[in-house]
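So the chains spell out like this:
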Amino acid sequence: MDRTPRSVTIAGQPVGPGHRPLILAEIGINHNGDPHLGGAMIRAGRKAGADAVKFQAFTPSRLFNPVANPVAVEMFQEWALTESDFQALHQVAIAEGIPFLCTPFGVDWVAFLNDVLQVPAFKIASSDCTNPLLLDAVAATGKPVILSTGMTTLDEVAYGVGRLEAGGCPGIVLLHCITQYPPEAEEVNLLALRTLAAEFSWPIGFSDHWTGNLAAFAAIAMGACLIEKHFTLDRELPGPDQAGSADPAMLQELVEATPLLWQMRGDGVKEAKGRETGLRTAGRPGLYLTRSLPAGHRLRREDLYAARPQGEVPADALDAVLGQPLPADLPADAAVPASLLVSLAVPAL
């Protein structure tokens, strides 16, 4: 099966191996239920250079069962935003010129986000990677999806991807994710990016919960096409996600480093690149004579040494010239003549 990743367009920005990684500032619930604070975070995210901002939409009594977990319902009520709150935040994003995305935690939010806010793409959280009710509802909008894969097995990721594809989803960006805030180093498992890339034909990204940018930098170097980074104005603010989030300075550092990291990643072809190409002759050794030798002398190993610059015959042609007769008298330190290779039809490397 062809696993060449297809590009996905998120808010007019292509996401895929041939494009600079997209940086998504995940405000999530860091607004602490205050839309004014959320608006300030949008403005700070845009100023730091994020490509888009994202929030989370949920109804606490549907996010958690009120009988089985009433404590969580009450706790999350403090962080819940209303539809009018989201409309106001969406207007802030429009005024700032930054795309507004949102994660629906429940089917009841999908129509509002799609029809009223007209979000350009949906994010599905790791917890809903195997939730057919939400997957089907989001797929039916015909919008691209960013799908997090924390807590999942590869088979479960395949289920989520297959469900979205079957429902008509036009594009998916798969995010490797560790559902810990923050994770320990041994939990981050960045090699899972390679596993996802090998298994699926969609672009791969990283939902980063690490404190600092180190994991995000490494993920970009490994091929991540999108980085989702939790974002806050102040990591000392109350709330469960603040300590593991990036502040404006940290987000700006990530934004500024991303194009350089993307350039450094290259195309993966092992060959001389750019200016290095011109150094092959000057920087690699060629074959020279250790002593003066007469015409007709058949070259032996002890007659030769390797030194820079490459000269006429590269050092890796040693086996080809051994035993070949010299065409003329040559002094010590003379370059082995290229005519020996020509006579053997051996190309100079």
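Residues numbered from 1 in each chain as written. Predicted model: local features only at pLDDT ≥ 70, side-chain atom pairs only at ≥ 80, totals over all residues. Heavy atoms only, no water.

## Let's talk about helix H3 (residues 70-77)
Because each turn of an α-helix spans 3.6 residues, side chains separated by three or four positions end up pointing in the same direction.
Then, number 1: Regarding H3, the residues found buried are Ala72, Val73 and Phe76. The buried residues of H3 occupy an angular sector of 105° when the element is viewed end-on, so they sit on one face. H3 presents Val71 and Glu74 as exposed residues on the side facing more than 90 degrees away from its buried surface.
Then, number 2: Those residues of H3 that are buried are in contact with strand E4 (52-58) and helix H2 (60-63). (Buried < 20%, exposed > 50% of the residue type's maximum accessible area, 1.4 Å probe, protein only. Helix = DSSP H or I, 4+ residues; strand = E, 2+ residues; numbered from the N terminus. Arc of directions from axis to C-beta. Contact = heavy atoms within 4.5 Å.)

## Comments concerning unusual backbone geometry
Then, number 1: Tyr181 connects to Pro182 through a cis peptide bond whose omega is -5°.
Then, number 2: Within the secondary structure, Pro182 sits in the loop between strand E8 (172-177) and helix H8 (185-188).
Then, number 3: The omega angle of the peptide bond from Arg308 to Pro309 is 5°, so this bond is cis rather than trans.
Then, number 4: Here Pro309 shows up in the loop between strand E12 (304-307) and helix H13 (318-321).
Then, number 5: The backbone of Asn32 sits at a positive phi, close to 55°, despite the residue not being glycine.
Then, number 6: Mapping Asn32 onto the fold places it in the loop between strand E3 (22-28) and helix H1 (35-48).
Then, number 7: The exposure class assigned to Asn32 is buried, which follows from its relative accessible area of 19%.
Then, number 8: Although it is not a glycine, Asn189 sits at a positive phi angle of roughly 55°.
Then, number 9: By the secondary structure assignment, Asn189 is in the loop between H8 and helix H9 (192-199).

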